Structures are given as C-alpha cells and as structure tokens.
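Structural description and commentary
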Amino acid sequence: MTTPDRTQQSRPLLGWLANQPYLLLSLTSLFWAGNVVLGRYVAGHVPPITLATLRWGGAFLLILPFALSHLKRDWPVIRANLPMLMLLAVTGIGAYNTIAYIGLQYTSALNGLLIQSSGPLFVAFWSFVLFRTRLTWAQALGIATSLAGVLTILARGDIEALSSIDFNKGDLIFAGALMIFCIYSALMPYRPRRLHALAFLAFTTGVGALVNVPFAIWEGLSGYTMSFDTETLATLAYVIVFPSTLAYLCYNRGVELIGANRSAPFYHLIPVFGSVLAIGLLGEEPRLFHLIGYGLVLLGVFVAARK
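Residues numbered from 1 in each chain as written. Predicted model: local features only at pLDDT ≥ 70, side-chain atom pairs only at ≥ 80, totals over all residues. Heavy atoms only, no water.

We now examine unusual backbone geometry. Even without a glycine there, the phi angle at Arg132 is positive, about 60 degrees. With respect to the element layout, Arg132 can be found in the loop between helix 6 (119–131) and helix 7 (137–154). (Helix = DSSP H or I, 4+ residues; strand = E, 2+ residues; numbered from the N terminus.)

On to helix 10 (residues 230–258). With 29 residues, helix 10 ought to run about 42 Å at 1.5 Å a step, and its terminal C-alpha atoms sit 40 Å apart, in line with that. Along helix 10, the sharpest kink reaches roughly 40 degrees, centred on Ala247. Just downstream of helix 10, Gly259 is the residue with a positive phi angle, here 90 degrees. (Expected span 1.5 Å × (residues − 1). Bend = angle between axes of the 7 residues up to and from the residue.)

The next thing to look at is the pattern of salt bridges. Under the counting rule described, the total for this entry stands at three salt bridges. The partner of Arg253 in a salt bridge is Glu256, with the nearest N and O atoms 2.8 Å apart. One end of the pair is Arg253 and the other is Glu256, both in helix 10 and three residues apart, which spans about a single turn. Each member of the pair, Arg253 together with Glu256, is buried. Sharing partners across several salt bridges, the network here consists of Arg191, Arg193, Arg253 and Glu256. (Salt bridge = Lys/Arg side-chain N within 4 Å of Asp/Glu carboxyl O. Buried < 20%, exposed > 50% of the residue type's maximum accessible area, 1.4 Å probe, protein only.)

It is worth spelling out the nonpolar core at this point. Counting residues in hydrophobic clusters, the biggest one holds 71 residues, and the most contacted among them are Phe181, Tyr184, Tyr248, Tyr251 and Tyr267. With residues up to four places along the chain from it excluded, the contact list for Tyr248 reads Trp32, Arg55, Trp56, Gly92, Ile93, Tyr96, Asn97, Phe181, Tyr184, Leu201 and Pro243. (Core = buried A, V, L, I, M, F, W, Y, C linked by side-chain atoms within 4.5 Å. Contact = heavy atoms within 4.5 Å.)

Time to look at the environment of Gln105. Note that Gln105 resides in the loop between helix 4 (82–104) and helix 5 (109–116). Look at Gln105 and you get partly exposed, because its relative accessible area is 26%. For the pair Gln105 and Asp171, spaced 66 residues apart in sequence, the C-alpha separation works out to 9.9 Å.

The next point concerns helix 7. With 18 residues, helix 7 ought to run about 26 Å at 1.5 Å a step, and its terminal C-alpha atoms sit 26 Å apart, in line with that. Listed in full, the buried residues belonging to helix 7 are Gln139, Gly142, Ile143, Thr145, Ser146, Gly149, Val150, Thr152, Ile153 and Leu154.

A few words now on the side chain of Ser29. Among the structural elements, Ser29 can be located in helix 2 (residues 21–41). A distance of 2.6 Å separates the side chain of Ser29 from the backbone oxygen of Phe266, its partner in a polar contact. Not counting residues up to four positions away in its chain, the partners in contact with Ser29 are Phe266, Tyr267, Leu269, Ile270 and Phe273. (Polar contact = N/O pair within 3.5 Å; in protein donor to acceptor, adjacent residues only side chain to side chain.)

Before going further, it helps to examine a nonpolar patch on the surface. A cluster of nonpolar side chains, namely Leu62, Val241, Phe242 and Leu246, defines an oily patch on the protein surface of about 270 Å² accessible area. Exposure remark for Phe242: the relative accessible area of 32% places this residue in the partly exposed category. (Patch = residues over 30% accessible without salt bridge, like charges linked within 9 Å, V, L, I, M, F, W, Y side chains within 5 Å. Areas by Shrake-Rupley, 256 points an atom, 1.4 Å probe, with all protein chains shown as cover.)

Encoded structure:
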C-alpha cells in the first residue's frame, strides 16, 4: 500500500486556503513588505542578529505546541533527510534574515524593496544551476512585465530617477542575503513530501534560531544592546507572527503547489503592498504611476504564474 503524502494530511489544517497558491503567495508578499519596512525602522533599536534570533526563536515557540505531535511522528523522516532539512533551515531561516537585517542597518527600505524585486531572477538562476530547470517564455515575459511595474512604482513614474539612487555596502549585503534565500526557494519543491508542514516549519525555525544564538551572544558582548520600548516590542510581535510564522506557512505551501519559478514573480508584489500600506496608513496620495505600476505587476504575475 502506498504511504499517503503527509502534505495531503496537512490540508485540513488550513482548509480551503491551503489549496489557493495565488492567495497564499500574495499574503506572503504582504507580510514580507511590512518586514522590510520595520527591519529598517528598528535599525539602531534592535541589533540585527539579535532581531533575527528573537524572531525565529519566538516563531519556534509559537509553532511548537501545534507541531510537537507531528515532530514526534515525523522524526524518522527528519532524520532520514537531515542534510536537506539543515540546508533549508540555514539558507531560508538562519542566514537569510540575519544578513538581510544587517544590510538594512546601512541602506534604506526603498533600496531593500528594489533589490528584493530581483528575487525572481535569483530563483531562476538557482533553479537552473541546481536542477537545470529553465524559465518558460511565459515566465520570462511575466517577470519582465512585473519588474517594469515595480520600477514604475519605486521611481514614482520617472524611470530616470532610478539612476539617482545611491547603492552602498548595505545594498550588497541585502542582495547577498536574497541570493541565499533564493537557494531555499529553489530547493523547496524537493523537500521531503511526507513531512507535515508544521513539523517542517518548527524544525527549520528551531534550527535557524539556534544557528544564530552564538552570533547574537557575540553581538551582545560587543556592546550592541536592544532598546526595550513600545515600538521595539510591537515590531518583535509583528515579525514573529506575520513574516515568520504565517508567511512561511503560506510561502512553503504556495511553492509546493506551483513550483519555485512560477512562485517567484510574487516577490514583485512586495513593493506594491509597501506602497499601498504607505497610501493607507501614512496618507500618501495615490497617483497615476501607482495604478500603472500595479497594473503591470499584476499582469506580469498572472502571465508568469500560469502553467
């Protein structure tokens, strides 16, 4: 008798939502848009390695009560696939977020969003290098179209304005972090299928947090301390719940359903949601370039994500 796919058993957990990849990946982009902005906002309040460690340690503790029974039952699967799972934990959890937060100490949220827009290209690169998976013409066209929309939004309708953006070491660090995360994205379709979604997330967040602990201790001993204020605590609560726990559950399931290359264009929704949040929460006036950019991004995502 064939052993049932454990991911099939996880579907009742999320019900209807678990089978909606476009909605799952859109929610991921929404949560991650807030993470980039807040990561820059708390620069100077929370040291970057400490922020990453608290983020993933908090996410692990949040998930553990729901995942414990699955971890016990799936431990043989984890042990049999330990090298792959450790690689996913380090690239997608431990290294990526820590390095990204370090980069955001030296650059702006705008530059971070701009660099993050190159995510689909990095995913395509690693998919080809690791598995010789090529972009289809539709995927390439969709990525190019949505990227044009992102640039329209970030340049506020004046593409020539992009030439005036200054790039610094923080941008290179952030780009390196994104390159590491895209290894995780390319590998995700090949993770153990019989491992429950909650067991997978609990294992990777736990390992990711543990990997960062020695570096967080070194950071603290070097004199970098955390400011305990309302903004910092609210930021920690947000990053633990939304861009960590919920976003990774959504992202992992979305990639599982439609693959890495088809999922990658949803990165371009991150600056879209960032600008929408600025309009809704900060009172920024909606302009024509917003509508043009949104239209191009949505068209590109639709084209690239189709089979």
